[in-house]
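Report on the structure
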Amino acid sequence: MSETREWPGVVAEVRAQPFPWWTVLITGLLGVAFGIAVLVWPDITIRIMAALAGVWLFVAGAARIIGAFLPSGSIVRNVLSGVIGILVLIAGVICLRNVVTRVALLALLFAITWILTGLTAVLVGVQRQGGERTALIVVGSLSLIAGLIFVFAPGLSLATLVLLTGISSIVVGAGEVALAFVVRRAPA
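The structure presented is a predicted model; accordingly, all values stated were derived computationally and were not measured.

A few words now on empty space enclosed by the protein. One pass over the full model with this rule turns up two cavities of 30 Å³ or more. As a volume, the second largest cavity reaches approximately 90 Å³. Lining of the second largest cavity is provided by 13 residues; of these, T27, W56, T113, W114 and E176 occupy positions nearest its centre. Elements represented by at least two residues in the lining of the second largest cavity include exactly α2 (21-40), α3 (46-69), α5 (103-127) and α7 (158-185).

Attention shifts here to the side chain of T117. Summarising the element assignment, T117 is placed in helix α5. Classification of T117 by relative accessible area gives buried; the value is 10%. For T117, the contacting residues outside a window of four places in its chain are R64, I84, S143 and E176.

Taken as a whole, this structure holds two aromatic pairs when the rule is applied. For the ring pair F34 and W56, a centre distance of 5.3 Å and an interplane angle of 5 degrees mean the geometry is stacked. Of the two residues, F34 sits in helix α2 while W56 sits in helix α3, which places them 22 residues apart along the sequence. Take F34 and W56: they sit in the same class, and that class is buried. Chaining the aromatic ring pairs together yields one cluster made of F34, W56 and W114.

It is worth spelling out the pattern of salt bridges at this point. In the structure shown here, the tally under the stated rule is two salt bridges. E176 is the partner of R64 in a salt bridge, and the nearest nitrogen-oxygen pair spans 3.6 Å. Separated by 112 residues along the polypeptide, R64 in helix α3 and E176 in helix α7 bring together distant segments of the chain. Neither R64 nor E176 differs from the other in exposure class; each is buried. In this structure, R128 and E132 form a salt bridge, with 3.1 Å as the shortest nitrogen-oxygen distance.

One broad rule of soluble globular proteins: the nonpolar side chains tend to lie buried together. Within the largest apolar cluster, 20 residues are counted, with the highest numbers of intra-cluster contacts made by F34, W56, L57, F110, W114 and F150. Of all the elements in the fold, those that place two or more residues in this core are α2, α3, α4 (75-97), α5, α6 (130-152) and α7.

A word on the side chain of T120. Here T120 is to be found in helix α5. On the basis of relative accessible area, T120 is assigned to the buried category, the value being 14%. Side-chain polar atoms of T120 contact the backbone oxygen of L116, separated by 2.9 Å. When near neighbours in sequence (up to four residues on either side) are disregarded, T120 contacts L80 and I84.

Rules behind the numbers
Residues numbered from 1 in each chain as written. Predicted model: local features only at pLDDT ≥ 70, side-chain atom pairs only at ≥ 80, totals over all residues. Heavy atoms only, no water. 1 Å grid on protein atoms, 1.4 Å probe; cavity = no way out; pocket = protein on both sides within 12 Å on 5 of 7 lines; lining within 4 Å. Points joined across faces, edges and corners; volume = space filled by probe spheres on them. Helix = DSSP H or I, 4+ residues; strand = E, 2+ residues; numbered from the N terminus. Buried < 20%, exposed > 50% of the residue type's maximum accessible area, 1.4 Å probe, protein only. Contact = heavy atoms within 4.5 Å. Phe/Tyr/Trp six-rings, centres within 6.5 Å; stacked < 30°, edge-to-face > 60°. Salt bridge = Lys/Arg side-chain N within 4 Å of Asp/Glu carboxyl O. Core = buried A, V, L, I, M, F, W, Y, C linked by side-chain atoms within 4.5 Å. Polar contact = N/O pair within 3.5 Å; in protein donor to acceptor, adjacent residues only side chain to side chain.

Distances and angles like these do not, on their own, reveal function.
Now the structure itself:
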């Protein structure tokens, strides 16, 4: 009986946030898992890296698209989340379909994903208050930095790309996990 009384509070909490906290949590956890997998097996081939990237991008894109259709946040947030979700989902399908995708394409996909995600988080963060504002801006900035590294250093060797991908995924993913809990605890 008490469970049914708690549901209106949960629904109100989700609607009051700029985006559902659990979509950020899922994306962050997938990013951390992807980064750890890349670092644990540094000798992985480009085929396995492309498949892991494809799965991560596909699921992250799907989570963002679902979040765009939930009744929370502003129309700008929903549109940005949907656009980023579609781009990330398409990138995942490309990686899964053509497993021998070039390293430069993977770097570009990561760069676009992290730059757009970072811009969205910073823009939403500027509009928020308190700890949520700081968390959004910090996570957005980390994501922007990771994306810009991939844009301005396209000649990275495979070993450096694997290392940078693993570390960047863990850092950005951990930041997104922390952000998810900040967003979840924020007052409505």
